[in-house]
Amino acid sequence: MMLFTFLFFVIVVAGILITKKNRAVTPVLFAGILSAVLVCLFRMFFVFAHRVITYSFWNNFFYIAMNQTLLPVLILCGLFLLISRDPPEYKLDGLFPLTASFYMVYLPFCIVSTSEGLYSAFALFAKPVMFAAMLLMLSFSARQINKAATGRKILPVFLFAALALVCLLIPAAIEAMYILTANASVAFVCAAAFCVPPVLLLALRLA
């Protein structure tokens, strides 16, 4: 069962290497992997991973968002945008490879080292797919924000920024709900519904 969890993002990253037109973003993949390894080592040696799960949606939601979705993505992408001196198009091309390669290491670590739904079907199968969908929507939103900002359209900038924020929070909300209810059927349906828009966007882009 763990095989899917470990291989899913490996396949995603391999797909990026095969299909990406701009080969210059390949170093970004290694940057994402290196960042994840450093974060995992830091958490392993300096952060007490085990926590008592409370019967509170908001406590679980904020914990997952801060440790697995919102905060890691904001810090990783923020550092990438600040450190990289490359043109905006390169940064946009590198956003999904960077985050996907990061989660290729970081997400299995989170699933194995913490107690939230460990070894459940939701954590092992739905969660990796849901996180990939989250990153696709983040990449799509970033492109739309850049396009709107270039055209000096303020409202679309705020709308797509809000969309990116919501997409970073929805996986945490679904998992927090699953932790409380342990209803795998509802969690899988919610995860599938969340994955539909990015899958359609990807299909349209590849068509």
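Scroll up a little and you will see the structure.
Quick notes on the rules
Residues numbered from 1 in each chain as written. Predicted model: local features only at pLDDT ≥ 70, side-chain atom pairs only at ≥ 80, totals over all residues. Heavy atoms only, no water. Axes fitted to C-alpha atoms, helices over the stretch in contact; angles between N-to-C directions. Helix = DSSP H or I, 4+ residues; strand = E, 2+ residues; numbered from the N terminus. Left-handed = near helix turned anticlockwise from the far one by under 90°. Contact = heavy atoms within 4.5 Å. Patch = residues over 30% accessible without salt bridge, like charges linked within 9 Å, V, L, I, M, F, W, Y side chains within 5 Å. Areas by Shrake-Rupley, 256 points an atom, 1.4 Å probe, with all protein chains shown as cover. Salt bridge = Lys/Arg side-chain N within 4 Å of Asp/Glu carboxyl O. Buried < 20%, exposed > 50% of the residue type's maximum accessible area, 1.4 Å probe, protein only. Phe/Tyr/Trp six-rings, centres within 6.5 Å; stacked < 30°, edge-to-face > 60°. Lys, Arg positive; Asp, Glu negative; His and termini not counted. Polar contact = N/O pair within 3.5 Å; in protein donor to acceptor, adjacent residues only side chain to side chain. Expected span 1.5 Å × (residues − 1).

Contact pair helix α2 (residues 26-46) / helix α4 (residues 88-113): the axes reach a minimum separation of 7 Å and the direction vectors enclose 35 degrees. Considering the relative orientation of α2 and α4, their crossing is right-handed. Contacts from Val28, Leu29, Ala31, Gly32, Ile33, Ser35, Ala36, Val37, Val39, Cys40, Arg43 and Met44 in α2 reach Tyr90, Gly94, Pro97, Leu98, Ser101, Phe102, Met104, Val105, Tyr106, Phe109 and Cys110 in α4.

What follows concerns a nonpolar patch on the surface. Residues Leu34, Val37, Leu38, Leu41, Phe42, Met44, Phe45, Phe46 and Val47 make up a contiguous nonpolar surface patch of roughly 930 Å² in combined accessible area. Positionally, Leu34 belongs in helix α2. Taking the relative accessible area as the measure of exposure, Leu34 reaches 52% and is therefore exposed.

Moving on: unusual backbone geometry. For Arg152, which is not glycine, the phi dihedral falls at a positive 55 degrees. Within the fold, Arg152 resides in the loop between α5 (121-150) and α6 (154-181).

It is worth spelling out the packing of aromatic side chains at this point. Inspection of the entire model under this criterion finds 17 aromatic pairs. Judged by centre distance (5.7 Å) and plane angle (85 degrees), the ring pair of Trp58 and Phe61 falls under edge-to-face. You can see Trp58 and its partner Phe61 sitting in helix α3 (residues 57-83), three residues apart, about one turn around the helix. Residue Phe61 is classed as buried on the basis of its relative accessible area, which comes to 9%. Taking 6.0 Å as the distance between ring centres and 75 degrees as the angle between the ring planes, the aromatic pair formed by Phe140 and Phe160 counts as edge-to-face. Taken together, the residues span a long stretch of sequence, with Phe140 in helix α5 and Phe160 in helix α6 at a distance of 20 residues. Among the aromatic residues, ring-to-ring pairing joins Phe4, Phe8, Phe9, Phe102, Tyr103, Tyr106, Phe125 and Phe131 into one connected group.

One can find Lys91 in helix α4. Asp86 provides the closest opposite charge to the buried, unpaired Lys91, separated from it by 7.1 Å. From its side chain, Lys91 meets the backbone oxygen of Ser84 in a polar contact 3.2 Å long. In this structure, Lys91 is in contact with Phe80, Leu81, Ser84 and Asp86, ignoring residues within four places of it in sequence.

To continue, consider α2. An ideal rise of 1.5 Å per residue puts 30 Å on 21 residues; α2 measures up with 31 Å between its terminal C-alpha atoms. Those residues of α2 hidden inside the fold are in contact with α1 (2-19), α3 and α4.

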